[in-house]
Amino acid sequence: MTSERFDVVVIGGGINGVAIARACARGGKRVLILEQNDFASGTTSRSTRIIHGGLRYLEHGELGLVREALRERERLRAEHSHLVRPLKFLLALGAGGNHSALAVRAGLWLYATLGAGRPSAVDGELDRLERLLDSAQRWSVFHYDDAQCEFPERLVAEWLCDALAHGADARNHTRVLEVETRDGRATGVRARSLLDASEFRARADWIVNASGPWVDRVCAAASVRTRSPLIGGVRGSHLVLRRFPGAPASAVYSEAVDGRPFFLLPWNGQLLAGATEVRDHADPGKTEPGAGEIEYLFASLNRLFPGAHLSWNDVQATFAGVRPLPYAPGEKPSAISRRHFLHDHSDDGAAGMISVIGGKLTTAAAIARECARKIGIDAPEPALAAAPSAQEIEAALGGWSRAVAQRAHIAEASARALAEWHGAGAAEIAHAAAMDERQRAPLCEHSPHIVAEAVAAVRRECASTLADILLRRVPVALGACWTDQCSRTAAARIGVVLGWSAARAARERDAFEEERAGFWKRAEAVALQQRG
Ligand SMILES: Cc1cc2nc3c(=O)[nH]c(=O)nc-3n(C[C@H](O)[C@H](O)[C@H](O)COP(=O)(O)OP(=O)(O)OC[C@H]3O[C@@H](n4cnc5c(N)ncnc54)[C@H](O)[C@@H]3O)c2cc1C
């Protein structure tokens, strides 16, 4: 068994783990990050994907959390404007709720003031939504601005590349089996590659347990006993729907049938509705929506939009994730704080080990800086640059796509697709496409995304399997019209460039299909479940 020495070992390659590895590598530390499945395959890819301050946390008086998250939202918008886009939200509140119009307006004013300023105009969207909503409920509709990262998987890939560029070592499909301790200190980890079963040891001064909803499992494997569990997992489920006629172009934030928060968002050419809050202590990797949750989401949608006549045929897929919230027995899931905590294990007999509890996509970079400081790195707050507007992003994408399409001999739609998902990295992918006809081919007949993106995913972004490529680095398989034929076409086209044998391509395809079915439950299965 080999053994290597690092300054920091990070366990878990979700958005928090990768952000921490990046902050530590940028701070000059020798870092190893280990992920048991693939980067961003856990909670990070199972979220509602909103980059927000959390309007409803204002109600809980969490002003500090909202201010921090809004600052992070603006940083993400400025630094990753191709991935984190401004999104208008329409807030629809039914008559007889707990909030007076005056209180809501005051809350929205505060939210806008803590964030980027006054809400932008919504051009008739309010009227359109009011016409769609069930008129019997006498809705009041307001609007505010937030942001969306349609693909946090891509954000994680970009941060991972940055960590690698700063000298980090990253291994996915590698499970930490044990955290080793001696004389009250964590000294290293023992891990196994799930691809070839090889085992190795890594020694380190610091071990960061950023395994999200798996945090207590990793502690147990480390024989690190905490006074109480650190995490209280709360599952959230979503529906992915076809866009229905008249569906709002803005996001809608309203109330579910039981008055809980409910979102309907434009997402990836489809609509994303969610999410539920159900306590879940089972294996977070195997979580899936319960029949009752699907029924609840569907009933909430139909209550809001009875005129849309939605049926089970409109549901494309469902998926669920487990929120790694702080352990709070007896507390209502919606009342548990969305703050993050860094738990220092010195009193648990493992000095030098830190567990990350809670957090949101939006605040991952802030957690990373906090963790880096705990490790002794000088990680200053980055300056707040002005984020571009939707129009400025559009103009930049349009200009770039037209120029690159010609040079790389690809369709303008493909050039745009490259820029949207890969930002500054798109130029190198376009160059590879220009040099090789096979890499210019689309991944499937419906998609503008091309084989060169998949090749870059393997060569630059640590993708090892077809599932890593099609579900996370180039997540075309989450699109509206993905079929089995698309899987076959993509596997064959990628395999030719990467030199896969026919047997390897078939194996990769089977494993990809199995993983996709486990995570992205198909509409037919949902309909069957409801009928059954
Ligand atoms: C339903 C839902 C909706 C949400 N919506 C939003 C939203 O709209 N906006 C927002 O900002 N946030 C949202 N969140 C919160 C956000 O998604 C999470 O806080 C964030 O993704 C947590 O990231 P993480 O890195 O801590 O955990 P994860 O992404 O789960 O990463 C942990 C990783 O650790 C790995 N791991 C576990 N055990 C081991 C081991 N032994 N060895 C190696 N690796 C291991 C896992 O495979 C996993 O990939 C939502 C969450 C949920 C569930």
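Residues numbered from 1 in each chain as written. Predicted model: local features only at pLDDT ≥ 70, side-chain atom pairs only at ≥ 80, totals over all residues. Heavy atoms only, no water.

A few words on the nonpolar core. Membership of the largest hydrophobic core comes to 55 residues, with the highest contact counts inside it found for Phe 89, Leu 91, Tyr 144, Leu 470 and Trp 482. Counting residues in hydrophobic clusters, the runner-up holds 43 residues, among them Leu 83, Leu 155, Val 156 and Ala 372. (Core = buried A, V, L, I, M, F, W, Y, C linked by side-chain atoms within 4.5 Å. Buried < 20%, exposed > 50% of the residue type's maximum accessible area, 1.4 Å probe, protein only.)

A few words now on the pairing of strand S17 (residues 353-358). Of all six residues in S17, six are buried, a share of seventy percent or more. Sheet topology note: the strand S9 (residues 199-209)/S17 ladder contains three bridges and is parallel. Its bridge partner lying in S17, Ile 207 is registered against Met 353. As paired elements, strand S16 (residues 340-344) and S17 share five bridges and run antiparallel to each other. Directly across from Phe 341, in S17, lies its bridge partner Ile 357. (Helix = DSSP H or I, 4+ residues; strand = E, 2+ residues; numbered from the N terminus. Pairing = 2+ DSSP bridges.)

For the coordinates displayed, the defined rule picks out 13 aromatic pairs. Between Tyr 253 and Phe 263 the ring centres are 4.5 Å apart and the planes differ by 20°, which places this aromatic pair in the stacked class. On the criterion of sequence distance, the pair formed by Tyr 253 in strand S11 (residues 251-255) and Phe 263 in strand S12 (residues 261-267) is long-range, its members being ten residues apart. When the ring of Phe 319 is compared with that of Trp 520, the centres are 5.3 Å apart and the planes differ by 15°; the resulting orientation is stacked. Residue Phe 319 is located in strand S15 (residues 315-326), and its partner Trp 520 is located in the loop between helix H16 (502-519) and strand S18 (521-522); the two are separated by 201 residues in the primary sequence. Taken individually, Phe 319 and Trp 520 each receive the classification buried, so the pair is uniform in this respect. Every member of this aromatic cluster is reached through a ring pair, and the members are Phe 151, Trp 267, Phe 319, Trp 421, Phe 519 and Trp 520. In this structure, Arg 30 packs its charged tip against the face of Phe 6, placed 4.5 Å from the ring centre. Here the basic side chain of Arg 171 rests over the ring of Phe 200, its NZ or CZ set 4.7 Å away from the ring centre. (Phe/Tyr/Trp six-rings, centres within 6.5 Å; stacked < 30°, edge-to-face > 60°. Lys NZ or Arg CZ within 6 Å of the ring centre and 35° of its normal.)

Viewed as axis vectors pointing N to C, helix H11 (residues 426-435) and helix H13 (residues 451-460) meet at an angle of 120°, and their least axial separation amounts to 9 Å. It follows from the interaxial angle that H11 and H13 lie oblique. Of the two possible hands of crossing, H11 and H13 adopt the one that is right-handed. On H13, the residues touching Glu 428, Ile 429 and Ala 433 of H11 are Ala 452, Glu 453, Ala 456 and Arg 460. Of the residues belonging to the contact of H11 with H13, the class tally is four nonpolar, no polar and three charged. (Axes fitted to C-alpha atoms, helices over the stretch in contact; angles between N-to-C directions. Parallel < 35°, antiparallel > 145°, perpendicular 65-115°, else oblique. Left-handed = near helix turned anticlockwise from the far one by under 90°. Contact = heavy atoms within 4.5 Å. Nonpolar A, V, L, I, M, F, W, Y, C, P; charged D, E, K, R; others polar.)

Before going further, it helps to examine the side chain of Ser 254. Summarising the element assignment, Ser 254 is placed in strand S11. Given a relative accessible area of 1%, Ser 254 falls into the buried group. For Ser 254, the side chain forms a polar contact with the main-chain oxygen of Ala 92, separated by 2.7 Å. In this view, Ser 254 contacts Ala 92, Trp 139, Arg 260, Pro 261, Phe 262 and Leu 304; residues no more than four positions away in its chain are not counted. (Polar contact = N/O pair within 3.5 Å; in protein donor to acceptor, adjacent residues only side chain to side chain.)

That bond from Gly 274 to Ala 275 is cis: its omega, 0°, falls within 30 degrees of zero. Note that Ala 275 resides in the loop between strand S13 (270-274) and strand S14 (278-279). The phi torsion at His 173 lies on the positive side, around 55°, for a residue other than glycine. Mapped onto the secondary structure, His 173 falls in the loop between strand S6 (169-171) and strand S7 (174-182).

Time to look at the site of the ligand. Close contacts around the ligand come from 36 residues, with Glu 35, Thr 44, Ile 50, Gly 359 and Thr 362 the closest. At a separation of 2.6 Å, an oxygen atom of the ligand approaches a polar side-chain atom of Thr 44. Between the ligand and Gly 359 there is a distance of 2.8 Å, counted from an oxygen atom to a backbone nitrogen or oxygen. Considered on its own, the ligand offers 1,000 Å² of accessible surface; in the complex 96% of this is hidden by protein. (Near = heavy atom within 4 Å. Areas by Shrake-Rupley, 256 points an atom, 1.4 Å probe, with all protein chains shown as cover.)

What follows is about the domain arrangement of the protein. Structurally, the protein comprises domain 1 (2-43 + 153-230 + 338-374), domain 2 (84-145 + 232-324) and domain 3 (390-524). With centres defined by C-alpha atoms, the gap from domain 1 to domain 2 works out at 33 Å. Taken residue by residue, the interface counts nine residues in domain 1 and ten residues in domain 2. Roughly 740 Å² is buried in total at the junction of domain 1 and domain 2, and carbon and sulfur atoms are behind 57% of that figure. It is Pro 213, Arg 217 and Arg 338 that lose the most area in domain 1 upon contact with domain 2, and together they represent 46% of the buried surface on that side. In this assembly, domain 1 and domain 2 are joined by one salt bridge. Residues Glu 277 and Arg 338 are paired through a salt bridge, measuring 2.6 Å at the closest nitrogen-oxygen approach. The tally of links from domain 1 across to domain 2 stands at five residue pairs in polar contact (both at pLDDT 80 or more). Per-class residue counts for the side of domain 1 that touches domain 2 are four nonpolar, three polar and two charged. (Domains from an automatic or database assignment. Buried area = accessible area lost by both parts, 1.4 Å probe. Salt bridge = Lys/Arg side-chain N within 4 Å of Asp/Glu carboxyl O.)

Right, let's get into the environment of Ala 222. For Ala 222, the location among the structural elements is in the loop between helix H6 (215-221) and strand S10 (231-241). Overall, the relative accessible area of 3% leaves Ala 222 in the buried class.

Turning our attention to helix H8 (residues 364-374). In terms of burial, H8 is largely enclosed, as eight of its eleven residues are buried. Within H8, burial applies to Ala 364, Ala 365, Ala 366, Ile 367, Ala 368, Arg 369, Cys 371 and Ala 372. Buried residues along H8 sit in contact with helix H1 (15-26), helix H2 (63-79), helix H5 (152-165), S9, S16 and S17.

Scanning all chains against the criterion turns up zero disulfides. Distance from the sulfur of Cys 444, which forms no disulfide, to the nearest cysteine sulfur (Cys 486) is 3.8 Å. On the accessibility criterion, Cys 444 (2% relative accessible area) is buried. Here Cys 462 is not cross-linked by a disulfide; its sulfur's nearest cysteine counterpart is in Cys 161, at 7.2 Å. (Disulfide = S-S within 2.5 Å.)

A few words on the pattern of salt bridges. If you walk through the whole model with that rule in mind, you get 40 salt bridges. A network of salt bridges, in which partner residues are shared, links Asp 38, Asp 468, Arg 472, Arg 473 and Glu 515.

The subject of this paragraph is H16. Here H16 is 18 residues long and its end C-alpha atoms lie 26 Å apart, about the 26 Å a rise of 1.5 Å per residue gives. Buried within H16 are the following residues: Ala 505, Glu 508, Phe 512, Arg 516 and Phe 519. Each buried residue of H16 sits inside an arc of 65° when the element is viewed along its axis, so together they form one side. Every exposed residue of H16 that faces more than 90 degrees away from the buried side is listed here: Arg 507, Asp 510 and Glu 514. (Expected span 1.5 Å × (residues − 1). Arc of directions from axis to C-beta.)

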